[in-house]
Amino acid sequence: MRPLDKDTSLGEAANNSKRIDPYSVAFDFDGVVADTMRLFLKLADDVHGINHLAYEDFTCYALSECTDLKEATILDIVDRLQDGHYTDPLDPIPGAPGVLKRLGEHYRPLVFVTARPHVGPVADWVQQTLSLDATRFEIVTTGSYDTKANELHQRNISFFIEDRLETCFQLQLAGVTPVVFQQPWNRRAHPFMEVANWEELAALIAWTDEKHP
Ligand SMILES: [Mg+2]
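As the structure is a computational prediction, the values presented were derived from the model and not from experiment.

Thoughts on the overall build of the protein
Right, so step 1: Looking only at helices and strands, the protein has eight helices and six strands in total.
Right, so step 2: Taken against the 2.2 N^0.38 rule, which gives 17 Å for 213 residues, the C-alpha radius of gyration of the protein at 18 Å falls within 12% of a compact globule.
Right, so step 3: Along the three orthogonal principal directions, the C-alpha set of the protein runs to about 60 × 40 × 35 Å.
Right, so step 4: Scored against the burial criterion, the 213 residues of the protein give a buried share of 28%.
Right, so step 5: Sequence-distant contacts, at least 24 apart, represent 64% of the contacts inside the protein between residues at least 6 apart.

Below you can see the structure in the form of structure tokens.
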């Protein structure tokens with residue numbers, strides 16, 4: 001065994017030079033923590049009878065630009081998602097609950113900053129999915145992509161996990177380090193740290209206060 005073998009797990013994210021401070025990180029919700037677009041697809045089928053789309057077809061953030069979905073259909077589904085008007089479960093992105101629960105229990109309370117206009121079903125979802133006490137997380141709804149950086153600054157947060165590239169550029173300009181969470185709608189060149197899944201994200205976190213599993 002080579003002397004440096006204990007460090008090789010950190011090398012999984014070799015394209016990234018920074019480690020994420022677990023006391024200074026926050027998260028977007030949709031597309032990072034919650035698998036919202038899979039529920040979007042289910043609602044498109046169940047409510048609107050649209051079944052020709054696949055997850056990989058969502059190659060842009062403004063869906064009317066990369067799919068044949070009508071604006072009214074998109075708005076209806078987004079409203080249902082934001083208001084909790086659905087019966088199928090909103091699943092977490094695989095691996096998210098374990099990492100978030102560990103952060104929320106052992107470090108600072110979790111901070112989620114979402115451009116959703118109101119918290120809707122998100123608070124109950126977080127509490128139930130992560131089995132976390134309500135004092136161990138905060139959900140900030142901005143109603144706008146443009147004010148996320150401000151909310152992060154107010155909370156001394158310097159890393160943000162996000163799936164919308166345009167927001168990542170805004171955050172970078174505002175002095176917050178964005179980490180792109182890979183999704184079909186953010187597959188174009190960018191200068192940011194990037195992770196393909198929650199396992200890669202966990203490997204980037206500079207865990208300090210408790211033993212790494
Ligand atoms: Mg998102």
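From this point, the discussion proceeds with the structure in view.
With respect to the pairing of strand 2 (residues 110–114)
Right, so step 1: Buried residues dominate strand 2, accounting for five of its five residues.
Right, so step 2: Examined bridge by bridge, strand 2 and strand 3 (residues 137–141) share five bridges and lie parallel to one another. By the bridge assignment, threonine 114 is partnered in strand 3 with threonine 141.
Right, so step 3: Following the backbone out of strand 2, through helix 5 (residues 122–130) and into the adjacent parallel strand 3, one traces a crossover that is right-handed.

Things to note about the nonpolar core
Across soluble globular proteins, nonpolar side chains have a tendency to be buried as a group.
Right, so step 1: Judged by nonpolar contacts, the single largest core of 37 residues is most densely connected at Ala26, Val33, Phe112, Ile157, Phe160 and Val179.
Right, so step 2: For this core, the leading source of residues is strand 2, giving four residues.
Right, so step 3: Each residue touching valine 33, except ones within four places of it in the same chain, is listed here: Phe27, Pro92, Ile93, Ala96, Leu100 and Phe112.
Right, so step 4: Core analysis: the second largest hydrophobic core is formed by five residues, Phe40, Leu43, Ala44 and Leu81 among them.

Quick look at the environment of leucine 41
Right, so step 1: When you line up the elements, leucine 41 lands in helix 1 (residues 36–48).
Right, so step 2: As for leucine 41 and tyrosine 55, which are separated by 14 residues in sequence, their C-alpha atoms are 7.4 Å apart.
Right, so step 3: Those residues within four positions of leucine 41 in sequence are excluded, and the remaining contacts are Leu53 and Tyr55.

Concerning unusual backbone geometry
Only a minority of non-glycine residues have a phi that is not negative, and only a minority of peptide bonds are not trans.
Right, so step 1: Located in the positive-phi region is serine 131, a residue other than glycine, with phi close to 50 degrees.
Right, so step 2: Structurally, serine 131 is set in the loop between helix 5 and strand 3.
Right, so step 3: The exposed category is assigned to serine 131, around which 12 C-beta atoms lie within 10 Å.

Digging into the packing of helix 1 against helix 3 (residues 71–83)
Right, so step 1: Running from N to C, helix 1 and helix 3 point in directions that differ by 120 degrees, and their axes come no closer than 10 Å. Between helix 1 and helix 3 the crossing geometry is right-handed. On helix 3, the residues that touch Thr36, Leu39, Phe40, Leu43, Ala44 and His48 of helix 1 are Thr73, Ile77, Arg80 and Leu81.
Right, so step 2: Of the residues that constitute the contact of helix 1 with helix 3, the class distribution is six nonpolar, three polar and one charged.

Considerations on helix 5
Right, so step 1: Val122, Val126 and Leu130 are the residues of helix 5 that are buried. Seen along its axis, helix 5 keeps its buried residues to an arc of 40 degrees; they face one direction. In this structure, helix 5 carries Asp124 and Gln128 as exposed residues pointing more than 90 degrees from its buried face.
Right, so step 2: Along its buried surface, helix 5 packs onto helix 4 (96–106), strand 2 and strand 3.
Right, so step 3: Phi turns positive one or two residues past the end of helix 5, at serine 131, with a value near 50 degrees.

Notes on the domain arrangement of the protein
Right, so step 1: You can read the domains of the protein as domain 1 (10–34 + 92–204) and domain 2 (37–83).
Right, so step 2: Distance between the C-alpha centres of domain 1 and domain 2: 23 Å.
Right, so step 3: At the junction of the two partners, domain 1 supplies nine residues and domain 2 supplies nine residues.

Comments concerning helix 3
Right, so step 1: Counted at 1.5 Å a residue, the expected span for helix 3 with its 13 residues is 18 Å, and the 18 Å between its end C-alpha atoms agrees.
Right, so step 2: Just past helix 3, the residue glycine 84 takes up positive phi, approximately 80 degrees.

Points about the pairing of strand 5 (residues 177–181)
Right, so step 1: Within strand 5, four of the five residues are buried, which leaves the element mostly enclosed by the surrounding structure.
Right, so step 2: Two elements, strand 4 (residues 159–162) and strand 5, share four bridges in a ladder whose sense is parallel. Bridge assignment links glutamate 162 to a residue of strand 5, and that residue is valine 180.
Right, so step 3: With respect to chirality, the unit in which strand 4 leads through helix 7 (residues 165–173) into the neighbouring parallel strand 5 is right-handed.
Right, so step 4: With three bridges joining them, strand 5 and strand 6 (residues 193–195) adopt parallel strand pairing.

About the cut-offs
- Sequence order as written defines residue numbering, which begins from 1 separately in each chain.
- With the structure being a predicted model, the display of local features is reserved for residues of pLDDT at least 70 and the display and counting of side-chain atom pairs for 80 or more, all residues being used for whole-chain, interface and lining totals.
- In this description a helix means any DSSP run of H or I spanning at least four residues, a strand means any run of E spanning at least two, and both kinds are numbered starting from the N terminus.
- Atoms counted for the radius of gyration: C-alpha only. Globule rule: 2.2 Å times the number of residues to the power 0.38.
- Around each residue's C-beta, the other C-beta atoms within 10 Å are counted; 20 or more make the residue buried, 12 or fewer make it exposed, and counts in between make it partly exposed. All C-beta atoms are placed from the backbone.
- Residues are scored as being in contact if the C-beta atoms we place from backbone atoms lie within 7 Å.
- For two strands to count as paired, DSSP must find a minimum of two bridges between them.
- For a crossover, the right-handed case is the one in which the path from the first strand over the helix to the second runs clockwise, viewed with the strands pointing away from the viewer.
- Take the buried Ala, Val, Leu, Ile, Met, Phe, Trp, Tyr and Cys residues, join any whose C-beta atoms are within 7 Å, and the set you get is a nonpolar core.
- Between the N-to-C directions of two axes lies an angle of 0 to 180 degrees, each axis being a line fitted to C-alpha atoms and, for a helix, fitted only over the stretch in contact.
- Each crossing gets its handedness from the near helix: less than a right angle anticlockwise from the far helix is left-handed, clockwise is right-handed.
- Charged residues are taken to be Asp, Glu, Lys and Arg, nonpolar residues to be Ala, Val, Leu, Ile, Met, Phe, Trp, Tyr, Cys and Pro, and polar residues to be all remaining types, Gly included.
- It is the directions from the helix axis to the C-beta atoms that the arc portrays.
- The start and end points of each domain follow an automatic or database-based domain assignment.
- Helices are assigned an expected span. That span is 1.5 Å times one less than the residue count.

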